[in-house]
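A look at the structure
Here are the chains, one letter per residue:
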Amino acid sequence: MASQFDVIILGGGPAGYVGAIRAAQLGMSTALVEKDKLGGVCVNIGCIPTKALLHSAYIASLLGHAKEFGVEPGTVKTDYGVAMQRSRKVSDQNSKGVEFLMKKNKVTVVKGAGVLQPGRKVKVGGDVYEAKKAVLIATGSRVKGLPQIGLEINKTTVISSDEALFLEKAPASMAIIGAGAVGMEFANIFHAFGTKVTLIEALPRILPLEDAEASDTLTKSYRKRGIEVIAGAKVKKGTPRKDKVSIEVEAGGAAQTLEVATVLMAAGRAVNTENIGLAECGVQVNERGFIKVDQNLQTTAPGYYSIGDVAGPPMLAHKGMREGVYVTELLAGKKPHPIRYDNVPSVTYCHPEVASIGLTEDQCKERKLEYVPGRFPFSASGRGRGTGETEGFVKILREKKYGEILGAHIVGTPASELIHELAVARENEYTVEEIELAIHAHPTMSEAVAQAALDSLGRVIDM
Ligand code: NAI
């Protein structure tokens, strides 16, 4: 007889492990099936180790400017291998933390590759597990290359973030293909460790999903520090050789061939839907390859739900985590707060950081919304001047009639932290007036949020 649980979750990444914890908290017996380390891409080869490396990069660039702060550190030497080892420790600590949480919450972890079977069952090796309530599919996503133009990931000269996170040395030169979050973050990291970086983006601007002003600010910032940025570029062909790769790039009507030691593919991810028994259980995927789900995240097969990257964009850990909580609360008979997919913050942890929520200015225009932008530059912030973090701005898009916050865009460090004031505001339908009414401590970077709110009302006070 199959071992029975209330809930079985396939995949131990952020969506899966958070869902497992919430299910257990709600009194449901829960099994989590994972073939690798707990924590998934985020903890092991994504969010967590990259943030450790980005901090090493930040320290390197800070020391490069330390003299103007009255500190002379001597010659600054960087060692990617050491930074990498530190990032691995951070990553392992987090993965062990997830293991601990599973024990603490009495979630049964089943090690191995699970395959779905009809009747809410999951087969792992020779064992079959049966879910009384539901199976949650949280198998995530993986990197992808561009084999059609010769850039298949060969793990030596053509790599992905998976390999970049384990390099012992920063390559002499690197072309990064794709300027989404992955491309931006690794351009920042490797440049700080001495690599000559060329960032290539197919769309007309880097970070194409962000507000155009954010893209412009980052383009200027990257170019100023010596990162080559080529946007609106088509990579025609890549030819990997023994210890270098040549790539043919066409941009603005001109063709050029680049020779680099390493190509880092950062042109999006593919979802893990193969060989997990989806079709056998009647779980369908949509035209973009994501698992089809309804508003409750139930798939086309009753009793099978899907959460995280595999259930559709945005492919962000925090979106998956919220889906894990939502589905398990639903299964426990609760009425969870609906997930507002239009209110998921997006953060790119490069320096300066980029964070946003809601609509961009272009989207407001396309939707013919009447809005007033409010801006505050960090160059005018006392705190920013003090710390030297003067790049960037806060921009809030205020709906003209009722003051609703249509969107907010922050470039500057720590945008990743500042954005949440606006996330709370939008989730609770606060207006810009309500943001400004809360007294913001002086001097802080957060004041820029209040000042941008005031600016949208035409009454900014400089600091
Ligand atoms: P992405 O889809 O965000 O960006 C890929 C970029 O590559 C796009 O701008 C696209 O226009 C460009 N591109 C595609 N084909 C190209 C080509 N042939 N030549 C040049 N450019 C090309 O994918 P990315 O950055 O790989 O990230 C994957 C997922 O992981 C995304 O959903 C991302 O949001 C998420 N992620 C989130 C992070 C964060 O929240 N900080 C960090 C890393 C990844």
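Sequence order as written defines the numbering, with residues in each chain counted from 1. Under the rules for a predicted model, residues below a pLDDT of 70 receive no local features and side-chain atom pairs below 80 are neither given nor counted, while totals for whole chains, interfaces and linings still include all residues. Each side-chain value is derived from all of the structure's non-hydrogen atoms; neither hydrogens nor water enter the calculation.

1. Considering the pattern of salt bridges
Defined as follows: Here, a salt bridge means any Lys or Arg side-chain nitrogen found within 4 Å of an Asp or Glu carboxyl oxygen. Think of it this way: any DSSP run of H or I at least four residues long counts as a helix, any run of E at least two long counts as a strand, and we number them from the N terminus. With a 1.4 Å probe rolled over the protein chains alone, any residue whose accessible area is under 20% of its type maximum counts as buried; one over 50% counts as exposed, and the rest are partly exposed.
Taken as a whole and judged by the stated rule, the model has 16 salt bridges. Its salt-bridge partner being D92, residue K37 comes within 3.0 Å of it at the nearest N-O pair. Note that K37 is positioned in the loop between β2 (30-34) and α2 (40-45) and D92 in helix α4 (residues 80-104), a separation of 55 residues in sequence. Between K395 and D211 there is a salt bridge; the shortest N-O distance is 2.7 Å. Taken together, the residues K395 in strand β21 (residues 393-399) and D211 in the loop between β10 (196-200) and α7 (212-224) connect sequence positions 184 residues apart. Across this residue pair, the class does not change: K395 and D211 are buried. Sharing partners across several salt bridges, the network here consists of D211, E213, E361, R375 and K395.

2. So, the packing of aromatic side chains
Aromatic ring pairs are reported here in terms of the distance separating the ring centres and the angle at which the planes meet. The condition is simple: Here the aromatic set is Phe, Tyr and Trp, taking the six-membered ring for Trp, and pairing holds for ring centres within 6.5 Å; pairs whose planes are under 30 degrees apart are stacked, those over 60 apart are edge-to-face, and all others are tilted.
Within the structure shown, the criterion is met by four aromatic pairs. Between Y80 and F193, the aromatic rings sit 5.4 Å apart at their centres with planes inclined by 85 degrees, giving edge-to-face as the arrangement. Of this pair, Y80 sits in helix α4 while F193 is found in the loop between α6 (181-192) and β10, placing the two residues 113 residues apart along the sequence. Just as Y80 is buried, F193 falls in that class too.

3. Let's talk about the packing of helix α3 (residues 47-64) against α4
The test is simple: Structural elements are reduced to axes, namely lines fitted to C-alpha atoms, with helices fitted over the stretch in contact, and the angle between N-to-C directions of any two is expressed from 0 to 180 degrees. Helix crossings fall into two classes, left-handed where the near helix is turned counterclockwise from the far one by less than a right angle and right-handed where it is turned clockwise. Whether two residues are in contact is decided by their heavy atoms: any pair within 4.5 Å suffices. Each residue gets one label: Ala, Val, Leu, Ile, Met, Phe, Trp, Tyr, Cys and Pro are nonpolar, Asp, Glu, Lys and Arg are charged, and the others, such as Gly, are polar.
Taken N-terminus to C-terminus, the directions of α3 and α4 make an angle of 145 degrees; their axes are 8 Å apart at the nearest point. Two packed elements cross with a definite hand, and for α3 against α4 that hand is right-handed. Contacts between α3 and α4 involve I48, P49, A52, L53 and S56 from the first element and Y80, A83, M84, R86, S87, R88, V90, S91 and N94 from the second. A class-by-class count of the residues in the contact of α3 with α4 yields eight nonpolar, four polar and two charged.

4. Here's the deal with the confidence of the model for the protein chain
Put simply, the test is: A residue's pLDDT is the predictor's confidence in that residue, given on a scale from 0 to 100.
Put simply, the protein chain has an average pLDDT of 97, and 100% of its residues get 70 or more. No element of the protein chain has a lower mean pLDDT than helix α13 (residues 432-437), which averages 95, and none a higher one than strand β19 (residues 354-358), which averages 99.

5. A few points about the sheet that holds strand β18 (residues 346-348)
In plain terms, the rule: Any two strands with at least two DSSP-identified bridges between them are counted as paired.
Here we have five strands laid out as an open sheet, ordered β18-β19-β22-β21-β20, and antiparallel in their pairing. The open sheet has two free edges, formed respectively by β18 and β20 (371-377), since each of these has just one partner strand. Averaged over neighbouring strand pairs, the angle between their axes works out to 10 degrees when direction is ignored. By the bridge criterion, five bridges tie β19 to strand β22 (residues 405-411) in an arrangement that is antiparallel. Of the residues in β22, the one forming a bridge with S356 is H409. Of the strands in this sheet, β18, β19, β21 and β22 touch helix α12 (residues 415-427), which is tilted by about 175 degrees from β22.

6. Here's the deal with the site of the ligand
Put simply, the test is: It suffices for a single heavy atom of a residue to lie within 4 Å of a molecule or strand for the residue to be listed as near it. By the criterion applied in these results, polar contacts are pairs of N or O atoms within 3.5 Å in which, for protein atoms, one can donate a hydrogen and the other can accept it, and in which residues neighboring in sequence qualify only through two side-chain atoms. Computed by Shrake-Rupley with a 1.4 Å probe, the accessible areas treat only the displayed protein chains as cover when residues are assessed.
The local shell around the ligand holds 21 residues, among which V182, E185, E201, A202 and V347 are the closest. A202 has a polar backbone atom sitting 3.0 Å from a nitrogen atom of the ligand. Contacts to the ligand include G268, whose backbone N or O atom sits 3.1 Å from an oxygen atom. In isolation the ligand has 830 Å² of accessible area, and contact with the protein removes 75% of it. Residue contributions to the shell around the ligand peak at three residues, all from α6.

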